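Listed below, chain by chain, are the residues.
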Amino acid sequence: MGTTASQLSKESLSEYQELTFLTKQEILLAHKRFTELLEKHEKDQIDARVPMGKIITLPELKSNPFKERICRVFSTSEQKDGSLTFEDFLDLLSAFSDSATLEIKSHYAFRIFDFDDDGTLDCADLEKLVNCLTGETNDAKLSSTEMKQLISNILEESDIDKDGTVNLSEFQHVISRSPDFVSSFKIVL
Amino acid sequence: MSTAGEQDAGLSLQEEHESKTHRTKRRDGDRQKKKRRNERRKGGTRAGEGEEDLQAVSEKRERSKRKRAKSKQETSRRENNEEEEAQLTGGKGTKARKDIRNEKTRRMEKEEVREVEENVDKGKKKQGSTKKGEKKEDGGKQLVKGKAREVKKKKHKKAETRYSEPETSEEDDDEEEDNDKDVVRLECLSPEELEKLKEAVDERKKLIQSLRGKPWAMKKKLVTLRESQEFVEKYEGALGKGKGRKLYAYKVLMTKKWMKFQRDFENFKTGCSIVTVASYFLFLRWMYGINMILFGLTFGLVMVPEALMGRPYGSMPRKTVPRAEEASAMDFAVLWDFGGYAQYSVLFYGYYNNQRTVGWLKFRMPLSYFLVGVGTVAYSYMVVIRTMARNANESGVGDDNSFNFSWKMFTSWDYLIGNAETADNKFASITTSFKEAILEEQESHKDDNIHLTRFLRVLANFLVLCCLAGSGYLIYFVVRRSQKFALDGLENHTWWERNEVNMVMSLLGMFCPMLFDVISTLENYHPRVALQWQLGRIFALFLGNLYTFIIALMDEINLKRKEEKIVKFNITTWEASLYNGTVSENSTASPVTIHPADVPRGPCWETMVGQEFVRLIISDTMTTYITLLIGDFLRAVLVRFLNYCWCWDLEAGFPSYSEFDVSGNVLGLIFNQGMIWMGSFYAPCLPALNVIRLHVSMYLQCWAVMCCNVPQERVFKASGSNNFYMAMLLVILFLSTLPAIYTIVSIPPSFDCGPFSGKNRMFDVIHETLESDFPPWFSKVFSYASNPGLVLPFILLMVLAIYYLQSTSKSYREANVELKKKLQMQNEENKRKNKRAALKAQMDLEEARMTAQEQQRNNNASVQDQESGSLNSNINKEY
């Protein structure tokens, strides 16, 4: 441990503890991991940004099909490039942590799935989502009729007000009944 | 601690800086608040509070920035000025009342300032701890300070959230001063204002609590948090009065600590989990918790008191190994079978004495034994039913299948997956599940040869029934045979013949499910339904086996009781002969003392039952572990290493790696628990054994899953959230308590062993206690309460309540559907309305434009007439 090991002050640590679902150890670990991603000269800056390209190389995110979406959702960058500050990173970990509530998890899940950021899941979003879930390989892809069938089935189930899209409250309604969403929507460093 | 110290040392410089700014900020904040409060008092409402806060924050920041630039003296001077300003603005309304207070606050403020100045004089880096007068070198000092601060922080949770300065003693002083001021001020507050303040504080607290559940960016959260915390801490300590305040602070501290502890504990509890099988381990952990409590009950209230305060080993016949068995009582083989010394110990029912009280505590041993037995069952019922109710709440109103596709879509990805291989597997399984679901959806609309499927299903059920009956008969046969062996004497038989019953049961439990699996392919059910059928069948198999076992045990109990009668008769004649002998030989001699090991005794059927259960558990555990080692580990090793020199691909082909069978394992666990419930009355050691077993299997299975299993293709969730398993558990609980209760109520206990010996029935211990330990009116009341005239109406009432609740829930469900429909309708209507409104707006717009153009046309020269005309026509066309 050197001087660069951790620069979190006690005060901000306790504040982060208060504001996230993470424990002290987890925050410290997150800070350590985050500073590893930073360039040398950035290590002293408080709101240094790590570009998305680096974040998604984290082993926890590497094989996640939504890794880029996750970065974009949690990024507060003005350029919309998906780069994360440490606080954004903590937000991410908090939302994916064990003790986060269903509400917050489903909120972020919705934003992750909302590929065009328009506040609803429409057919295009759902199609992209299916493609993400079935992987990149071509043979795994669903045919267009299958896709149509699938999306219409989904809308039939969860689009309660029948406006052709799934909005946040409908999404949360569906998710809240799912037995294993909370346990699977988790990332642990 | 040491690392923290290091960090502190490393960070000290930064902190110094921060702390300085922070302190000024804080003092400023305090002043700001004073001002705010004064303002509020003036207005008497909370109306513009939010605005004020925002203002306050921005002002605060600005000021602190400015302040940093200026020199210290100036700052303090300005502070004084500001203070006065604040007082001036604040004091307009109630000046007379406040004059005294202002004086006081001013004085304190000055004191504070003086302190600051003192510190400044001491040098820039030496803040705080001036009162302690430490004369150490800088570096060391900071380290010490850091540590001291940490200690302080633990003591003063309040300080932790609020202060960041490396001050120790000063901190306290500040706080006290603040509080004093608050008190002074609060005394002049009217009760309504106090109420309002309280409300505001509560609101802030709630905000802080819920802050982490808000999907905001961290910056926003931070700002809000700081603001609200300052507000809360300013006022909440002050709201209490005098001593109450300290108590309050203490309470706050304790609740905070308690919450932190709970959070840590939660984190600890969810230690390792592998995703697809996590549900099994969650269930295992849940069971472990229950068993811990059962173990605590039996261990703390039955085993320990008897071992410590009861009469020691060898003092009476029931606590001594009989003479005939003494030679082999310490052999491992005997101990492994829970005979010998193990049999005559606190582990089993027979060891307990029937003396009413034990030890200097006058502990009611038999009563305790009985109540623990009842309590175990009652507690288990309570937990299971409560969990079920909670799950029912969580899963909402019934219909599990309604979001099949959406769940597949939205919740199937597992974010914990961290390596590419697993991710690929997951992609593939998700794709197939999508395809399957689509296919099913298509198939559900057309039906194929229904007669054939029906026939096959009937056939499959017939085959399963045959299996069940066969296995039942096999067990019955084996148990009867083992009784014959037992009569012959176990020593004359081989190991297999001695352990036949347990082995056969374990083997049946292993192979029958496979058979069922094969049979179920005939039926062509939907996988989920098929799995439920499969589980139901295995359940029936286990249950059948267990009950045949119990019936056989009942036979044995009856045999033992016959034996007991003979022994009892023999004992009386033996005692008589002994007595006669002594009388005839020497009438004055003291009564002959016979070593307790030599006293003839009856066969203690309760201990026998307990032993059977313990053996069953042990052999079951062993089979589980051995199958784990051979079936999973050895197979995995062979597959991996033989794969290099084999003619076909072992990993992808026939043997491959084993899957972790979540549902089967959960069922095993449930049955294991059933046996515990059934046997724990006669063998108090069972919960302890089970705790050990669960603990070991948690880690062993965890290891096996990690290193030699592949995730299951189809996953059936088994955590506490699944009421299917909970229902099974409840059924098992009921069915396993049934025989235990039957034996307790209907069979008289053995005459010479156990805590209830000499009584006609085991529950007589209650009567006895009622009569001798309670005042007579109590037993009278009890007898009235237990009379059928009261009990029957009570039961009737309960049934009515259940009926009422059922019907209300039904109506709620209907209302739910109704509301859904309404929502849909409303939405459609809204859409229509919106469309109409949009149309109208468009028309208005067109009209306006037309009139504008007309005006323009009138004004303009005739050259443009043509153009506008064409435009107009265009618009008309568009329209």
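- As named in an unreviewed UniProt entry, chain B is Transmembrane channel-like protein, taken from Oreochromis niloticus.
- According to the UniProt record, the Subcellular location (unreviewed entry) comment for chain B is "Membrane".
- Under the UniProt heading Sequence similarities (unreviewed entry), the entry covering chain B gives this text: "Belongs to the TMC family."

- The name recorded for chain A in an unreviewed UniProt entry is Calcium and integrin binding 1 (calmyrin), from Oreochromis niloticus.

### Focus: the overall build of chain B
Right, so step 1: Assigned secondary structure in chain B consists of 28 helices and 4 strands.
Right, so step 2: Relative to all contacts within chain B whose residues are 6 or more apart in sequence, the contacts with residues 24 or more apart total 75%.
Right, so step 3: Accessible surface, chain B: about 48900 Å² in total, of which carbon and sulfur atoms supply 61%.

### With respect to the overall build of chain A
Right, so step 1: Check the secondary structure of chain A and you find 11 helices and 2 strands.
Right, so step 2: In sequence order, the secondary structure elements of chain A are arranged as α-α-α-α-α-α-α-β-α-α-β-α-α.
Right, so step 3: Across the 189 residues that make up chain A, the buried fraction comes to 58%.
Right, so step 4: When contacts within chain A are restricted to residue pairs at least 6 apart in sequence, long-range pairs at least 24 apart make up 55% of them.
Right, so step 5: Carbon and sulfur atoms make up 50% of the accessible area of chain A, which amounts to about 7900 Å² in all.

### Considering the nonpolar core
Right, so step 1: Membership of the largest hydrophobic core comes to 95 residues, with the highest contact counts inside it found for V614 and M762 of chain B.
Right, so step 2: In this structure, L22, V73 and F96 of chain A together with I438 of chain B belong to the second largest nonpolar core, which totals 81 residues.

### Points about the confidence of the model for chain B
Residues and elements named next belong to chain B.
Right, so step 1: Taken over all residues, the pLDDT of chain B has a mean of 72, while the share at 70 or more is 65%.
Right, so step 2: Every residue in residues 116-184 scores below 50 in pLDDT, and together they form 123 contacts with partners more than four places removed in sequence or on other chains.
Right, so step 3: Here residues 715-721 is a poorly scored stretch, pLDDT under 50, and it has 26 contacts once near neighbours within four places are set aside; other chains count.
Right, so step 4: At the level of chain-chain contacts, confidence expressed as ipTM amounts to 0.84, with global pTM at 0.57.

### Notes on the packing of helix 9 (residues 144-158) of chain A against helix 15 (residues 404-411) of chain B
Right, so step 1: Where helix 9 of chain A meets helix 15 of chain B, the closest approach of the two axes is 7 Å, and the angle between their N-to-C directions is 105°. By the angle between their axes, helix 9 of chain A is roughly perpendicular relative to helix 15 of chain B. Packed against helix 9 of chain A, whose contacting residues are L150, N153, I154, E157 and S158 of chain A, the element helix 15 of chain B presents N404, F405, S406, M409 and F410 of chain B at the interface.
Right, so step 2: Of the residues in the contact of helix 9 of chain A with helix 15 of chain B, the class split is 5 nonpolar, 4 polar and 1 charged.

### Remarks on the state of the cysteines
Residues and elements named next belong to chain B.
Right, so step 1: Scanning all chains against the criterion turns up 1 disulfide over all chains.
Right, so step 2: The disulfide that involves C604 links it to C753, with 1.8 Å between the sulfurs. Between C604 and C753, the S-S torsion sits near 85°, and that sign places the bridge as right-handed. With C604 in the loop between helix 20 (527-585) and helix 21 (605-642) and C753 in the loop between helix 24 (723-746) and helix 25 (764-773), this residue pair connects regions lying 149 residues apart in the sequence. For the residue pair C604 and C753, the accessibility class agrees, reading buried in each case.

### Considerations on the packing of aromatic side chains
Two aromatic rings are characterised by how far apart their centres lie and by the angle between their planes.
Right, so step 1: Per the stated rule, a full pass over the model turns up 39 aromatic pairs over all chains.
Right, so step 2: Between F774 of chain B and F778 of chain B, the ring centres sit 4.7 Å apart and the planes meet at 20°, which makes this aromatic pair stacked.
Right, so step 3: Classification of F778 of chain B by relative accessible area gives partly exposed; the value is 31%.
Right, so step 4: Three or more aromatic residues link up through ring pairs in this structure, and these residues are F66, F74, F96, Y108, F110, F113, F171, F181 and F185 of chain A together with F410 and Y415 of chain B.

### So, unusual backbone geometry
Right, so step 1: Positioned with a positive phi, D117 of chain A is a non-glycine residue whose angle comes to about 55°.
Right, so step 2: Note that D117 of chain A resides in the loop between helix 7 (102-113) and strand 1 (120-121).
Right, so step 3: Assessed through its relative accessible area of 56%, D117 of chain A is described here as exposed.
Right, so step 4: Although it is not a glycine, F338 of chain B sits at a positive phi angle of roughly 60°.

### Here we look at the pattern of salt bridges
All names here are of chain B.
Right, so step 1: Going through the model one piece at a time under the given rule, you end up with 12 salt bridges over all chains.
Right, so step 2: R364 is the salt-bridge partner of D773, the closest N and O atoms lying 2.7 Å from each other. Separated by 409 residues along the polypeptide, D773 in helix 25 and R364 in strand 2 (residues 363-364) bring together distant segments of the chain.
Right, so step 3: R364 gets classed as partly exposed once you look at its relative accessible area, which sits at 27%.
Right, so step 4: As a salt-bridge pair, E768 and K759 come within 3.6 Å of each other at their nearest N and O atoms.
Right, so step 5: Taking the relative accessible area as the measure of exposure, K759 reaches 14% and is therefore buried.
Right, so step 6: Through salt bridges with shared partners, a single network forms among R356, R364, K759, E768 and D773.

### Quick word on the environment of A469 of chain B
Right, so step 1: For A469 of chain B, the location among the structural elements is in helix 17 (residues 450-488).
Right, so step 2: Each C-alpha atom of the pair A469 of chain B and G544 of chain B lies 8.4 Å from the other, and the pair is 75 residues apart in sequence.

### Observations concerning the packing of helix 17 of chain B against helix 19 (residues 500-520) of chain B
Residue and element names in this part refer to chain B.
Right, so step 1: Helix 19 packs onto helix 17 with a crossing angle of 175° between their chain directions and a minimal axis gap of 10 Å. Comparing their axes, helix 19 and helix 17 come out roughly antiparallel.
Right, so step 2: Of the residues in the contact of helix 17 with helix 19, the class split is 17 nonpolar, 2 polar and 2 charged.

### Some thoughts on a nonpolar patch on the surface
Residue and element names in this part refer to chain B.
Right, so step 1: On the surface, a cluster of nonpolar side chains totalling about 800 Å² of accessible area is made up of F332, W336, M622, I626, L629, I630, L634 and W703.
Right, so step 2: Elements with a minimum of two residues in the nonpolar patch: helix 12 (332-336) and helix 21.
Right, so step 3: Sort the elements by how many residues they give to the nonpolar patch and helix 21 lands first, with 5 residues.
Right, so step 4: With respect to the element layout, I630 can be found in helix 21.

### Brief notes about the side chain of E606 of chain B
Residue and element names in this part refer to chain B.
Right, so step 1: Mapped onto the fold, E606 is located in helix 21.
Right, so step 2: Buried charge E606 goes without a salt bridge, the closest partner of opposite sign being R561 at 8.5 Å.
Right, so step 3: At a separation of 3.4 Å, a polar atom in the side chain of E606 contacts the side chain of Y349.
Right, so step 4: When residues no more than four places from it in sequence are discounted, the contact partners of E606 are Y349, Y682, P749, S750, C753 and M762.

Each value, and the rule that gives it
- Residues numbered from 1 in each chain as written.
- Chains lettered and ligands numbered in written order.
- Predicted model: local features only at pLDDT ≥ 70, side-chain atom pairs only at ≥ 80, totals over all residues.
- Heavy atoms only, no water.
- UniProt positions renumbered as here; feature names shortened; annotations may be inferred.
- Helix = DSSP H or I, 4+ residues; strand = E, 2+ residues; numbered from the N terminus.
- Contact = heavy atoms within 4.5 Å.
- Areas by Shrake-Rupley, 256 points an atom, 1.4 Å probe, with all protein chains shown as cover.
- Buried < 20%, exposed > 50% of the residue type's maximum accessible area, 1.4 Å probe, protein only.
- Core = buried A, V, L, I, M, F, W, Y, C linked by side-chain atoms within 4.5 Å.
- pLDDT = per-residue confidence, 0-100.
- Axes fitted to C-alpha atoms, helices over the stretch in contact; angles between N-to-C directions.
- Parallel < 35°, antiparallel > 145°, perpendicular 65-115°, else oblique.
- Nonpolar A, V, L, I, M, F, W, Y, C, P; charged D, E, K, R; others polar.
- Disulfide = S-S within 2.5 Å.
- Phe/Tyr/Trp six-rings, centres within 6.5 Å; stacked < 30°, edge-to-face > 60°.
- Salt bridge = Lys/Arg side-chain N within 4 Å of Asp/Glu carboxyl O.
- Patch = residues over 30% accessible without salt bridge, like charges linked within 9 Å, V, L, I, M, F, W, Y side chains within 5 Å.
- Lys, Arg positive; Asp, Glu negative; His and termini not counted.
- Polar contact = N/O pair within 3.5 Å; in protein donor to acceptor, adjacent residues only side chain to side chain.

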